[in-house]
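In case you want the letters, here they are:
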Amino acid sequence: MKYIFVTGGVVSSLGKGLAAASLGTLLELRGLRVVFQKFDPYLNVDPGTMNPFQHGEVYVLNDGAETDLDLGHYERFTNCVLSRHNNLTSGQVYESVILKERRGDYLGKTVQVIPHVTDVIKDRIRALSDESKYDVVITEIGGTTGDIEGLPFLEAIRQFILEVGAQNVVNTHVTLVPYIKAAHELKTKPTQQSVAKLREIGLQPQVLICRTEKPLDRDVRQKLSMFCSVSEKAVIEARDVEHTVYAYPLMLHSEGLDELVCDLLHLETPDPDLVDWRKFVERVVNPKKRVKIAVVGKYIDLQDAYKSIYESLTHAAASQDCGIDLELVDAESLQDGVDSQLKDVAGVLIPGGFGERGVEGKIKAARFAREHNVPYLGLCLGMQVATIEFARNVCGIKNANSTEFERNAPEPVISLLEEQRGVRNKGGSMRLGTWPTKIVHGTLAAKIYGRDDVMERHRHRYEFNMKYRDRMAKKGFTISGTSPDGTLAELIELRDHPYFLACQYHPEFQSKPNKPHPLFKGFIQACLAHPTDRASHVATDPLSHRRVQPPELVPQR
């Protein structure tokens, strides 16, 4: 078993997750079996209760684990299917240690960071190694080198390398080489200081991935090599990608990163087969068509809040050789009207979310899409607001609402799951993970999926109230996907609309570059068929530089 550890220095948000995912892509395309781990130093047990404005989206895995968004990069960039064992936080570590101490597992010993905390961290790395299904384990350490909360993880890595042998490990450090405009010069001192801090802790990086705005010339590479004690060929330039993050693996390959890592780990592999990946990137960068889509949400000012949705739109659009112009619409701005912001879009997507803020704006956006035959895709809360809108304005249920927004709603078309009524703790207590959905024959959903049943990932507390099913069905509200026993509505569509689908689950968590999710692909196809003003717009890829303003399965219960 071989191990790659990815650390970061100088500042946060340098793209450690993308670097790890891209390296995993290249190694996988060389024929290696790769798996990922993410270690997060924060004291939250998981990010499930964090505000998206602070932490970005919560990415949900098959087994229901609420994890860091970097695990989304890992799953999208490779064929990995991850579980709760692939994400570890300081909160989980200390919770485990304290529970062991309370049970008496330490036999009266003084409980300390070393060895008890570091042992828990090392055990998590070994747990993947012991499965013997992989050739390489890539472990990303969140945060920035030198942060107090990250020190136990770095110490655990130091110990682990000593135990497994340095010949089986590559330490990769992602760092910043800033360009000082006034001096017209790239500065290496931040990287030198970051590596010096890492070496104080007992870790020597063998590879430097240098985030930079400008090319690294030979002098800069030699300077970094000398003062950081790494080979000159191991100083890897990682400039900001111009159009799409999916070009990142190609850039790192051109720098020789994958070949270097294989040499350091003594792995003999063929060159990576990058043909399909290059084709996908080419379709993203130079699409033959363009389409304008509105995403109506409450966290649009933070790009990471809807990261998987933007990614899924990119995947689906590329499959149609199409580029996307994103119209990011703050739901609160639609409280008083929608026509001015949605009049020329080819499609409307409403993502998930929690809380009452912006809900009435989302309801208005759903009504606009329904009345103007604009293709609509609703995800989780996007399904619920579409249900409320239809009940109010088509079925005449004027007081229709969700008990999430109005606890004693007289017409609760969306209500709390029965199993959630006694829940008090917020963390990890929703309906989470992969659950089966039965698709109804003869529906648009059946045509899109092309199968009778699907497995989709969930994260919610509220459901469609089946007491309103018959009443709304008479007006054209079709439940086209249910739980196997038929008691829960999973997918809805409107009978007299070209493409109006909304699901209770989160399909964005299962989309990949060359395998877009069927609902997103169908949505893009419908948007392309929708007649609208094809005005020119500037955004090409939601993960490029911002050009637009701001199989473990849970059994069915």
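This text follows the structure it describes.
The present account deals with the structure reproduced in this document. (Residues numbered from 1 in each chain as written. Predicted model: local features only at pLDDT ≥ 70, side-chain atom pairs only at ≥ 80, totals over all residues. Heavy atoms only, no water.)

### Side note on the pairing of strand 21 (residues 477–482)
- Among the 6 residues of strand 21, 5 are classified as buried, and the element is accordingly described as predominantly covered.
- As judged from the 2 bridges shared by strand 18 (residues 431–439) and strand 21, these two strands associate in the antiparallel manner. Of the residues in strand 21, the one forming a bridge with K438 is T482.
- As paired strands, strand 21 and strand 22 (residues 489–494) are joined by 5 bridges and run antiparallel to one another. (Buried < 20%, exposed > 50% of the residue type's maximum accessible area, 1.4 Å probe, protein only. Helix = DSSP H or I, 4+ residues; strand = E, 2+ residues; numbered from the N terminus. Pairing = 2+ DSSP bridges.)

### A short note on the side chain of S225
- With respect to the helices and strands, S225 occurs in helix 8 (residues 218–228).
- Here S225 falls in the buried class, since its relative accessible area comes to 15%.
- Once residues lying within four places of it in the same chain are set aside, the contact partners of S225 are V230, S231, E232 and V235. (Contact = heavy atoms within 4.5 Å.)

### Observations concerning the sheet that holds strand 16 (residues 400–402)
- Spatial strand order, 16-17-20: 3 strands in an open sheet with mixed pairing. In this open sheet, the two edge strands, each paired with only one partner strand, are strand 16 and strand 20 (462–464). Across the sheet, the axes of successive neighbouring strands diverge by a mean angle of 30 degrees, strand direction being ignored.
- Pairing geometry for strand 16 and strand 17 (residues 411–416), over 3 bridges, is parallel. Across the sheet, the residue bridging to N401 is P412, located in strand 17. (Axes fitted to C-alpha atoms, helices over the stretch in contact; angles between N-to-C directions.)

### Some words on the nonpolar core
- Ranked by internal contacts, the top residues of the largest apolar core, which has 76 residues, are I4, L27, I138 and I209.
- Of the residues forming this core, the biggest block, 7 residues, is contributed by helix 1 (residues 16–29).
- With residues up to four places along the chain from it excluded, the contact list for I4 reads L23, L27, V136, V137, I138, T139, V170, T172, V261 and L265.
- In this structure, V345, V413, I414 and A489 belong to the second largest nonpolar core, which totals 43 residues. (Core = buried A, V, L, I, M, F, W, Y, C linked by side-chain atoms within 4.5 Å.)

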